[in-house]
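# Structural description and commentary
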Amino acid sequence: MFTGLIEEVGSAVAIRVSDGRTQLQIAAPHTAKKIRSGDSVAVNGCCLTLTSRRGHQLNFDLLEETIARTNLKMLLPEALVNLEHALSADQPIGGHFVQGHVDCTSRILAFEESGPDHRLEVELPAEFAHYVVNKGSIALNGISLTIAEVLPKSFVVWIIPHTKRHTNLDCAHTGDLLNLEFDILAKYVDRILSRYTRRR
């Protein structure tokens, strides 16, 4: 479980494929100091298990599902990734509950400066549109954000300067793919209501 508050922006070293195994290597000096093999880390919002660590380099195995569903497959060397260590029971929850289970990737339709802030508009796949509500929570590349506007085929969030500076949104551009995780509460409500509707 995570909160969507990014702790470090790491740098991709390489994605290696050997004997049917895909391994992601990331350089992350801050995270490396407090993590050990077997710990969970959200990488661009995707929960991964640390398989090994060598100095500042962290190594993760990628499942086929992870490769298919996330933007990790598109990482190039030195690409920036958002990192968050798994939540401990004694930590404050400053964002919202984020599972690290990416639902889909969606493209940035617009990323425009407006005064000190930035307006970020993201494509909304129709199959997930019912999870998105005004003032609701969403995780983009693992960042906990509040939905400011829901449009027919997209949604808008506002990015404050601190968030832009301290996440990989600082180098984001129109057309980039973001990992999206919709609010777990919305998923539970949808599941409960769908079962109730079928019984009627």
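Values in this document were obtained by computation on a predicted structure and should not be read as measured data.

### Comments concerning the pairing of strand β10 (residues 143-151)
- Here strand β9 (residues 137-140) pairs with β10 via four bridges, running antiparallel. Paired with Leu 140 across the strands is Ile 143, a residue of β10.
- The antiparallel hairpin formed by β9 and β10 contains two residues in its connecting segment, where Asn 141 sits at a positive phi of about 50°.
- Note: β10 against strand β11 (residues 154-159), four bridges, orientation antiparallel. Bridge pairing in β11 places Ile 147 opposite Val 157.

### Structural notes on a nonpolar patch on the surface
- A surface patch of nonpolar side chains, amounting to about 300 Å² of accessible area, comprises Met 1, Ile 93 and Phe 97.
- Take Phe 97: it is sitting in the loop between β6 (80-85) and β7 (104-114).

### Comments concerning the pattern of salt bridges
- Following the criterion strictly, the structure yields seven salt bridges and no others.
- With its nearest N and O atoms 2.7 Å apart, the salt bridge here joins Arg 69 to Glu 65. Remark: Glu 65 and Arg 69 occur in helix α2 (residues 64-69); sequence separation between them is four residues, near one turn of the helix.
- In the salt-bridge network here, residues are joined through shared partners; they are Glu 112, Arg 119 and Glu 121.

### Quick look at the sheet that holds strand β1 (residues 8-18)
- A barrel is described by the order of its strands in space; here six strands give the closed sequence β1-β2-β5-β4-β3-β6, paired in antiparallel fashion. Neighbour to neighbour, the strand axes of the sheet diverge by 45° on average, direction disregarded.
- Where β1 and β6 come together, four bridges link them in antiparallel fashion. Bridge pairing in β6 places Ser 11 opposite Leu 80.

Analysis parameters
Residues numbered from 1 in each chain as written. Predicted model: local features only at pLDDT ≥ 70, side-chain atom pairs only at ≥ 80, totals over all residues. Heavy atoms only, no water. Pairing = 2+ DSSP bridges. Helix = DSSP H or I, 4+ residues; strand = E, 2+ residues; numbered from the N terminus. Patch = residues over 30% accessible without salt bridge, like charges linked within 9 Å, V, L, I, M, F, W, Y side chains within 5 Å. Areas by Shrake-Rupley, 256 points an atom, 1.4 Å probe, with all protein chains shown as cover. Salt bridge = Lys/Arg side-chain N within 4 Å of Asp/Glu carboxyl O. Axes fitted to C-alpha atoms, helices over the stretch in contact; angles between N-to-C directions.

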